[in-house]
Amino acid sequence: MDLTPTELKLIDEKSLLIGWSDGQHRRYTFAELRKSCPCVTCRNERKASEAEPLKLPVLSPVELQPIKVEKMSLAGNYAYRITFNDGHNTGLFTFELLRELGTVVD
Ligand SMILES: [Zn+2]
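Rules and cut-offs
- Residues numbered from 1 in each chain as written.
- Predicted model: local features only at pLDDT ≥ 70, side-chain atom pairs only at ≥ 80, totals over all residues.
- Heavy atoms only, no water.
- 1 Å grid on protein atoms, 1.4 Å probe; cavity = no way out; pocket = protein on both sides within 12 Å on 5 of 7 lines; lining within 4 Å.
- Points joined across faces, edges and corners; volume = space filled by probe spheres on them.
- Helix = DSSP H or I, 4+ residues; strand = E, 2+ residues; numbered from the N terminus.
- Nonpolar A, V, L, I, M, F, W, Y, C, P; charged D, E, K, R; others polar.
- Pairing = 2+ DSSP bridges.
- Axes fitted to C-alpha atoms, helices over the stretch in contact; angles between N-to-C directions.
- Donors = N, O, S within 2.8 Å, 3.2 Å for Na, K, Ca; no water.
- Tetrahedral: all angles 85-135°; square planar, octahedral: opposite > 155°, others 65-115°.
- Buried < 20%, exposed > 50% of the residue type's maximum accessible area, 1.4 Å probe, protein only.

> Quick question: what am I supposed to make of the layout of surface pockets here?
Summary: where empty space remains is shown by rolling a probe the size of a single water molecule over the atoms. Of the pockets and cavities examined, the second largest pocket occupies roughly 170 Å³. Taken together, 10 residues form the lining of the second largest pocket, with Asp2, Leu3, Tyr78, Phe95 and Glu96 sitting closest to its centre. Tallying contributions element by element places helix α4 (residues 95–100) first for the lining of the second largest pocket, with 3 residues. Looking at the lining of the second largest pocket residue by residue, the classes come out as 4 nonpolar, 3 polar and 3 charged.

Okay, structure coming up:
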């Protein structure tokens, strides 16, 4: 079964809600989405920090800002391209990935 989003809305300044074609609603925090960015750069960064767990990441001033989603646009009919307020927008969040993230709400 192909699940597609039927609803997309902001909940507050930190999270958004996606309604799905099977009636499920999931809440996503911007921080979780940013952390889960599936682009190659972010995946490599996550891999690198797993390899060296004792090394604390050095946060740049941009990263210290609260992360926000500035824009979400549909990419084809299978994913959202998310633009974050740190300027990052190379991640394609497939519907499949989005169904694994977030938490179910009633
Ligand atoms: Zn990324």
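> What is the right way to read the sheet that holds strand β6 (residues 92–94) from this model?
The pairing of strands in a sheet comes from backbone hydrogen bonds and takes either a parallel or an antiparallel form. Reading across from one edge, β4-β5-β6 is the order of the 3 strands in this open sheet, with antiparallel pairing throughout. If you trace the sheet from one side to the other, it starts and ends with β4 (69–75) and β6, each paired once. Ignoring strand direction, the axes of neighbouring strands in this sheet form an average angle of 30°. As paired strands, strand β5 (residues 79–84) and β6 are joined by 3 bridges and run antiparallel to one another. Counted as the bridge partner of Tyr80 is Phe93 from β6.

> What is the right way to read the coordination of the zinc ion from this model?
In this structure, Cys37 (SG), Cys39 (SG), Cys42 (SG) and His88 (NE2) serve as the protein donors to the zinc ion, at separations of 2.0 to 2.3 Å. One way to put it: the 4 donor atoms around the zinc ion meet at angles of 103 to 116°, and that makes the site tetrahedral. Ordering the donors of the zinc ion by residue number gives the pattern C-x1-C-x2-C-x45-H. As far as burial versus exposure is concerned, Cys37 and Cys39 are alike and both buried.

In short, geometric facts, not functional conclusions.
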